[in-house]
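# Architecture at a glance
If you want the building blocks of each chain, they are given just below.
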Amino acid sequence: MKDRVDEMDFKILSLLADNAQMPYTEVAKKAGISPGTVHARTKKMINLGLIKGATLNLDYSKIGWKMTIFLGVYLRESFMYKQVIEALQKVPEVVKIHHSTGKYDIFLKMHAKDSMHYRDIYQDTILTIDGIKGVESFMSVEENMSRHISFE
């Protein structure tokens, strides 16, 4: 029972996914349990690897990063995905990387300050990674939603 996740754990996850900075006392009040129980269950879910941490949700455009770009990456050989992903992880502007099925071998999300900044990263860094055969770029015009799954 100690390593299982139940409905109350999912209730806590939903509340924290909505606001990772919500104090345990408030989570407890909304979930109808004690703050100590929230703490113990949260620690359990961290130990199980279910909760990987808490992050800020930034509006990059308000700090001068005006472009969000998605890249579909074609690999020269499919077995090269690990080394390409390792190289992409070193690019600070890359924020998400997925090894994917379908048309692309890897799909990633990145941010850039402007088109010149993007061009520099794209041409001087990404296209020079050994194992990449080609890339298709998709510029985001506007993000309309970003959320976690609700478990309620």
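Residues numbered from 1 in each chain as written. Predicted model: local features only at pLDDT ≥ 70, side-chain atom pairs only at ≥ 80, totals over all residues. Heavy atoms only, no water.

The name an unreviewed UniProt entry assigns to the chain is Lrp/AsnC family transcriptional regulator, from the organism Arenibacter arenosicollis.

Take the overall build of the chain next. Assigned secondary structure in the chain consists of 5 helices and 4 strands. The order of helices and strands in the chain, counted from the N terminus, is α-α-α-β-α-β-β-α-β. Over its C-alpha atoms the chain spans a radius of gyration of 20 Å, topping by over 25% the 15 Å that the globule rule assigns to 152 residues. Dimensions of the chain along its principal axes, counting C-alpha atoms only, are 55 × 35 × 25 Å. Looking at the 152 residues of the chain, the share that counts as buried comes to 30%. (Helix = DSSP H or I, 4+ residues; strand = E, 2+ residues; numbered from the N terminus. Rg over C-alpha atoms; globule rule 2.2 N^0.38 Å. Buried < 20%, exposed > 50% of the residue type's maximum accessible area, 1.4 Å probe, protein only.)

Take the pairing of strand E2 (residues 94–99) next. Two strands pair when backbone bridges link them, and E2 and strand E3 (residues 106–112) are joined in this way by 5 bridges, in the antiparallel orientation. Bridge assignment links Val 94 to a residue of E3, and that residue is Met 110. The turn joining E2 and E3, which pair antiparallel and follow one another in sequence, is formed by 6 residues; a positive phi near 95° is taken by Gly 102. (Pairing = 2+ DSSP bridges.)

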